Amino acid sequence: YWHEHVDAEQYPGFEYTALIYLNDQGEDADYTGGQFSFVDPPVAQDASERVTTLAPKCGKLVFFTSGPENVHHVHKVEHGKRYALTIAFTCDKAKELKGEYA
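Okay, so let's go over this structure. (Residues numbered from 1 in each chain as written. Predicted model: local features only at pLDDT ≥ 70, side-chain atom pairs only at ≥ 80, totals over all residues. Heavy atoms only, no water.)

Topic: the overall build of the protein chain
- When its secondary structure is counted, the protein chain shows 1 helix and 8 strands.
- Counting from the amino terminus, the protein chain carries its helices and strands in the arrangement α-β-β-β-β-β-β-β-β.
- Taken along the three principal axes of its C-alpha coordinates, the protein chain extends 45 × 40 × 20 Å.
- Across the 102 residues of the protein chain, 27% fall into the buried class. (Helix = DSSP H or I, 4+ residues; strand = E, 2+ residues; numbered from the N terminus. Buried < 20%, exposed > 50% of the residue type's maximum accessible area, 1.4 Å probe, protein only.)

Encoded structure:
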């Protein structure tokens, strides 16, 4: 997760991704580091990429499409433990879960 990636490329069933943070990030919190960053490519040849970084907070929901329009990565946790729940959504019936996990 530390490297930039596209969820749909790593996990073919992902069409939408949701993250719910289960603890707080920050100097006086459960852990440091562990921020979540979206990385947008440069729009012009001489421009640099644009990075939008989110600070995790317990209960915060981050929801996004899982395709190449949302390249992202998680920064390494420097201290403590980061807990988050990742949920994948698909609209493709062929990729639905079946059996005891459905």
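So, the nonpolar core
- Ranked by size, the top nonpolar core spans 8 residues in total: Leu-19, Tyr-21, Tyr-31, Phe-36, Phe-38, Val-62, Phe-64 and Val-74.
- Those elements that place two or more of their residues in this core are strand S1 (16-21), strand S3 (36-40) and strand S5 (61-65).
- Contacts of Val-62, omitting those with residues within four sequence positions, involve Thr-17, Ala-18, Leu-19, Tyr-21, Phe-38 and Leu-54. (Core = buried A, V, L, I, M, F, W, Y, C linked by side-chain atoms within 4.5 Å. Contact = heavy atoms within 4.5 Å.)

Observations regarding the packing of aromatic side chains
- Under the counting rule described, the total for this entry stands at 6 aromatic pairs.
- Ring centres 4.8 Å apart and planes at 25 degrees place the aromatic pair Tyr-11 and Phe-14 in the stacked group.
- What makes Tyr-11 partly exposed here is its relative accessible area of 29%.
- Between the aromatic rings of Phe-36 and Phe-38, the centroid separation amounts to 5.0 Å while the plane-to-plane angle is 75 degrees, which identifies the pairing as edge-to-face. Judged on exposure class, the residue Phe-36 and its partner Phe-38 are both buried. (Phe/Tyr/Trp six-rings, centres within 6.5 Å; stacked < 30°, edge-to-face > 60°.)

Quick word on the sheet that holds S1
- In space, the 3 strands of this open sheet follow the order S5-S1-S8, with antiparallel pairing throughout. Pairing within the sheet leaves two strands with one partner each, and these edge strands are S5 and strand S8 (84-89). For this sheet, the mean inter-axis angle between neighbouring strands, taken without regard to orientation, is 15 degrees.
- Across 6 bridges, the pairing between S1 and S8 is antiparallel. Its bridge partner lying in S8, Tyr-21 is registered against Ala-84. (Pairing = 2+ DSSP bridges. Axes fitted to C-alpha atoms, helices over the stretch in contact; angles between N-to-C directions.)

Comments concerning the sheet that holds S3
- The sheet built from 3 strands is open, its strands ordered S4-S3-S6 with antiparallel pairing. Two strands bound the open sheet, and with one partner strand each, they are strand S4 (50-54) and strand S6 (72-74). Along the sheet, successive strands turn relative to each other by an average axial angle of 20 degrees, direction set aside.
- By the bridge criterion, 5 bridges tie S3 to S4 in an arrangement that is antiparallel.

So, the environment of Gly-26
- Along the chain, Gly-26 turns up in the loop between S1 and strand S2 (31-33).
- Of the residues examined, Gly-26 reaches a relative accessible area of 18% and is grouped as buried.
- Along the backbone, Gly-26 and Ala-55 are 29 residues apart, and their C-alpha atoms lie at a distance of 8.1 Å.
- In contact with Gly-26, not counting residues within four places along its chain, are Tyr-31 and Thr-32.

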